[in-house]
Amino acid sequence: MINVLFFGPVVERTGTNSLQVAYQSGMTLQHLRDELAAQYPHAFEIVCFSAVNEHHVRDLSMPLLDDSEVTFMAKFSGG
Amino acid sequence: MKAAVRIQQEDFSQDEEILALKASSKRMGGIATFVGCARDFSEGRDVSQISFDAYGSMAVSEMNQLRSEAIAKYGLLDARIVHRICTVTAGDNIVFIAAGAEHRAAALEACRWMIDELKVRVPIWKKEVTPQGETWVTSHP
């Protein structure tokens, strides 16, 4: 399974802060993003950043491994 | 001694943080600090409260990396970053950053660099509570 996390403004639009997506061999970050964006189009309007296992990932063609933790995040506003 | 990088609910003591920074080296001749605090007005609206959400483990990891990069980039002797994750009201502290170097120029430049980088790299989000409702802040001027 892929563990997906949401925070802050994205949670407000998904209605959940986590969910699990079945892992498929050859799955990339782009595949996962497309699948979730279709389910939560309003939330993904504000998604600007992605992280895999707590590391920023800009290349959406990155292959995912089973049990990865993936986060789709809105623009940050700390400080 | 408290960790040099951390997120926490409770307020921080600037005096304690500076003492901890100074304790790391007797060669420190300049310390620059930045304190971010809550305002009661933003984007033309009154703000009664600000609450924060964070991807905690990644935020701490990014802040640690930020500190290490600042130390290497500016030749710092030490640096500290503390961010509160809670609900605050006007005047409350939010974030503390300190850079210690042999001379002032490196300390001042590093301190400015760290807060600027924190705002664009660290997964923390702020929500303002106003009379018109609650709004997530998505800009970082």
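The structure we're discussing is the one just above.
Only a predicted model underlies this, so the values are computations on that prediction, with no experimental measurement involved. (Residues numbered from 1 in each chain as written. Chains lettered and ligands numbered in written order. Predicted model: local features only at pLDDT ≥ 70, side-chain atom pairs only at ≥ 80, totals over all residues.)

A. Structural view of the overall build of chain B. Within chain B, the secondary structure is distributed over 3 helices and 10 strands. The secondary structure elements of chain B, listed N-terminal to C-terminal, are β-α-β-β-β-β-α-β-β-β-α-β-β. At 15 Å, chain B has a C-alpha radius of gyration in line with the 14 Å of a compact globule built from 141 residues. Projecting the C-alpha coordinates of chain B onto the three principal axes gives extents of approximately 50 × 25 × 25 Å. With 141 residues in all, chain B has 34% of them scored as buried. (Helix = DSSP H or I, 4+ residues; strand = E, 2+ residues; numbered from the N terminus. Rg over C-alpha atoms; globule rule 2.2 N^0.38 Å. Buried ≥ 20, exposed ≤ 12 C-beta atoms within 10 Å, placed from the backbone.)

B. How the structure looks around the packing of helix α2 (residues 56-74) of chain B against helix α3 (residues 104-121) of chain B. All names here are of chain B. Following both chains from N to C, one finds α2 and α3 inclined at 150°, their axes separated by 10 Å at the closest point. If you check the angle between α2 and α3, you find them roughly antiparallel. In this structure, α2 crosses over α3, and the sense of that crossing is right-handed. Touching E62, M63, L66, A70 and Y74 of α2 are A106, E109, A110, W113, M114, E117, L118 and R121, all from α3. Of the residues that constitute the contact of α2 with α3, the class distribution is 9 nonpolar, no polar and 4 charged. (Axes fitted to C-alpha atoms, helices over the stretch in contact; angles between N-to-C directions. Parallel < 35°, antiparallel > 145°, perpendicular 65-115°, else oblique. Left-handed = near helix turned anticlockwise from the far one by under 90°. Contact = placed C-beta atoms within 7 Å. Nonpolar A, V, L, I, M, F, W, Y, C, P; charged D, E, K, R; others polar.)

C. Inspection of the sheet that holds strand β5 (residues 69-74) of chain A at higher detail. Residue and element names in this part refer to chain A. The mixed open sheet is built from 5 strands, whose spatial order is β2-β1-β5-β3-β4. Only two strands of the sheet have a single neighbouring strand rather than two, namely β2 (18-21) and β4 (55-56). Bridge count between strand β1 (residues 2-5) and β5: 3 bridges; the pairing is parallel. Of the residues in β5, the one forming a bridge with L5 is T71. Contacts from helix α2 (residues 29-39) reach β1, β2, β3 (47-52) and β5, with the element oriented near 60° to β5. (Pairing = 2+ DSSP bridges.)

D. Representation of the interface of chain A and chain B. Across the boundary between the two partners, chain A contributes 15 residues, which contact 22 residues of chain B. Taken together, the residues that form the side of chain A that touches chain B break down as 7 nonpolar, 5 polar and 3 charged.

E. Representation of unusual backbone geometry in the model. All names here are of chain A. Positioned with a positive phi, D67 is a non-glycine residue whose angle comes to about 70°. Mapped onto the secondary structure, D67 falls in the loop between β4 and β5. Look at D67 and you get exposed, because 10 C-beta atoms sit within 10 Å.

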